[in-house]
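Report on the structure
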Amino acid sequence: ILCINRRSLRWLLEQFNSSKKFSDLAQETKKHYRKVFTVISKIETKNGLFIELDYARMTSALFQKLVDKISESTPTKANHILRYVRRVFSWGINRGLCMTNPAKGVEQAKEKKQHRMPSQDVYDAILAYARVHNKFVWAAIELAYLCRLRRVEVITLADANITNEGIVTNRRKGSRNNIVELTPRLENVLRVIMNSRDSKIKKNKSPVSIDPKNRFLFVNNNGARLTDSALASAFRRIINKAIQEGVITKEQAFSLHGLKHLGVTNTKGNRAQKQEASGHVSASMLNVYDHSLPLVKPSEE
């Protein structure tokens, strides 16, 4: 007989993960939370698995100790755990499952900001290398740079985003959408990735949705929408192969997100035009992505 411990942190997390609140979240958010749950389930303490402890007896000090310990090696992981658990406890309080939120007020681990924006020469080198070795990575690189997109915003582009005016973005994290005007370079990227997609779908005889919102540009070899993790893995393989073959050095490696930084930095115009192009709603966020230096006149007497 399976014995369910309704006092354990595992039970509380599982209640959240099976709730309507969870099911209403974006697919990428749900996938991320499931990964964090798996990480938490493996954390050991002197009293056994952390996830099996009584959640009602947990304190802010306990979570602070956990965050501090994990942050010694991976501060990002520590913060992912903290944010997930904090959200679950908040959800539990509103539904009468717990009285307090011990994760609230806990200090986050300090993460080292790594923009890893490539230089133009490095970008051009990787772009040329990817075009030969992996066409869909090449297309993702181009779209991330030219449209100033995050990785998830690239893989969720669909036929509905392609209009006569240009590419309608699907930005996340509160950024405003805009339409990126079509250029011969962008049209070429779209033509390549759409031909690749159509070939994979035809080869696998996959069903084609009548809704253009569900006809995604990036698909896997089976014709299904490419996942965020699949693109991330493919991009890392390209970077690693390029390093091994001497195309770039290890120090020149960059993340796919770094291409948004480069795209915003290279956008022509003043700050207002750059902010409109990037979709950022605040000047402070633009400061994160725009690494260009303004040209100013000297002061005069």
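Here the structure is a predicted model, which means the values were calculated and not measured.

Another point: the overall build of the chain. The number of helices and strands found in the chain is 13 helices and four strands. Within the chain, buried positions represent 42% of all 301 residues. In the chain, of all internal contacts separated by at least 6 residues, the share reaching a separation of at least 24 is 60%. Accessible area of the chain: about 17900 Å², with a carbon and sulfur share of 51%.

We now examine the environment of Tyr 145. With respect to the helices and strands, the residue Tyr 145 is situated in helix α7 (residues 135–146). Residue Tyr 145 is classed as buried on the basis of its relative accessible area of 11%. The spatial distance from the C-alpha of Tyr 145 to the C-alpha of Leu 259 is 4.9 Å, given a sequence separation of 114 residues. Not counting residues within four places of it along the chain, the set of residues in contact with Tyr 145 comprises Gln 120, Tyr 123, Arg 185, Leu 259, Leu 262, Gly 263 and Asn 266. Side chain to side chain, Tyr 145 and Asn 266 meet in a polar contact 3.0 Å long.

Mapped onto the secondary structure, Asn 79 falls in helix α5 (residues 75–94). Of the polar contacts made by the side chain of Asn 79, one reaches the backbone nitrogen of Ala 109; its length is 2.7 Å.

What follows concerns the nonpolar core. Inside soluble globular proteins, nonpolar side chains tend to come together where they are buried. Ranked by size, the top nonpolar core spans 41 residues in total, and within it Phe 136, Val 137, Ile 141, Leu 143, Phe 218 and Leu 259 carry the most contacts. Elements with a contribution of two residues or more to this core: α6 (120–133), α7, α8 (151–155), α9 (184–204), α10 (228–244) and α11 (258–266). The dominant element in this core, judged by the number of residues it contributes, is α7, at ten residues. If we skip the residues at most four places from it in the chain, Leu 143 touches Arg 148, Leu 149, Leu 157, Ile 167, Leu 186, Val 189 and Phe 218. Of all hydrophobic cores here, the second largest spans 33 residues; its members include Phe 16, Val 36, Phe 63 and Ala 78.

This next bit is on the packing of aromatic side chains. Tallied over the entire structure, the rule returns eleven aromatic pairs. Relative to Tyr 145, the ring of Tyr 123 has its centre 4.7 Å away and its plane inclined at 40°; by these criteria the two rings are tilted. Of the two residues, Tyr 123 is situated in helix α6 and Tyr 145 in helix α7; the sequence distance between them amounts to 22 residues. Of the two residues examined, Tyr 123 and Tyr 145, each falls in the buried class. What links up through ring pairs into an aromatic cluster is the set Trp 11, Phe 50, Tyr 55, Phe 63 and Phe 89. Above the plane of the ring of Phe 216 lies Arg 225, whose end atom (NZ or CZ) is 5.3 Å from the centre.

Among the secondary structure elements, Ala 224 is positioned in the loop between α9 and α10. Through-space distance from the C-alpha of Ala 224 to that of Pro 207 is 9.6 Å; in sequence the pair is 17 residues apart. Dropping the residues within four chain positions of it, Ala 224 is found in contact with Phe 218 and Val 219.

Below, the discussion takes up α6. For α6, with 14 residues, the first-to-last C-alpha span of 20 Å sits near the 20 Å given by 1.5 Å per residue. Here α6 has its buried residues at Val 122, Tyr 123, Ile 126, Leu 127, Tyr 129 and Ala 130. Of the surrounding elements, those touching the buried residues of α6 are α7, α9, α10 and α11.

The next subject is the confidence of the model for the chain. Across the chain, pLDDT averages 87, with 88% of residues at or above 70. Here helix α13 (residues 283–289) stands out as the least confident element of the chain, with mean pLDDT 63; helix α1 (residues 9–17) is the most confident, with 95.

One can describe the packing of α1 onto α5 by two numbers: an axis separation of 10 Å at closest approach and a directional angle of 80°. Accordingly, the angle class assigned to the pair α1 and α5 is roughly perpendicular. Here Leu 9, Leu 12, Leu 13, Gln 15, Phe 16 and Asn 17 of α1 lie close against α5, whose contacting residues are Tyr 84, Arg 87, Val 88, Phe 89 and Trp 91. In terms of residue class, the contact of α1 with α5 is built from eight nonpolar, two polar and one charged.

So, on to α9. For an α-helix the count is 3.6 residues per turn, leaving residues at separations of three or four pointing the same way. Spanning 21 residues, α9 covers 30 Å between terminal C-alpha atoms, matching the ideal 30 Å at 1.5 Å per step. In this structure, the buried side of α9 is in contact with α7, β3 (166–168) and β4 (179–181). Phi turns positive one or two residues past the end of α9, at Lys 205, with a value near 55°.

A separate point is the pattern of salt bridges. By the definition in use, this model includes nine salt bridges. The closest approach of N and O atoms between Arg 197 and Asp 159, which form a salt bridge, is 2.8 Å. One end of the pair, Arg 197, is in helix α9; the other, Asp 159, is in the loop between α8 and β3, with 38 residues separating them in the sequence. Note on Arg 197: relative accessible area 6%, which makes it buried. Since its relative accessible area comes to 15%, Asp 159 is described here as buried. A network of salt bridges, in which partner residues are shared, links Asp 159, Arg 197, Asp 198 and Arg 215.

Calculation rules
Residues numbered from 1 in each chain as written. Predicted model: local features only at pLDDT ≥ 70, side-chain atom pairs only at ≥ 80, totals over all residues. Heavy atoms only, no water. Helix = DSSP H or I, 4+ residues; strand = E, 2+ residues; numbered from the N terminus. Buried < 20%, exposed > 50% of the residue type's maximum accessible area, 1.4 Å probe, protein only. Contact = heavy atoms within 4.5 Å. Areas by Shrake-Rupley, 256 points an atom, 1.4 Å probe, with all protein chains shown as cover. Polar contact = N/O pair within 3.5 Å; in protein donor to acceptor, adjacent residues only side chain to side chain. Core = buried A, V, L, I, M, F, W, Y, C linked by side-chain atoms within 4.5 Å. Phe/Tyr/Trp six-rings, centres within 6.5 Å; stacked < 30°, edge-to-face > 60°. Lys NZ or Arg CZ within 6 Å of the ring centre and 35° of its normal. Expected span 1.5 Å × (residues − 1). pLDDT = per-residue confidence, 0-100. Axes fitted to C-alpha atoms, helices over the stretch in contact; angles between N-to-C directions. Parallel < 35°, antiparallel > 145°, perpendicular 65-115°, else oblique. Nonpolar A, V, L, I, M, F, W, Y, C, P; charged D, E, K, R; others polar. Salt bridge = Lys/Arg side-chain N within 4 Å of Asp/Glu carboxyl O.

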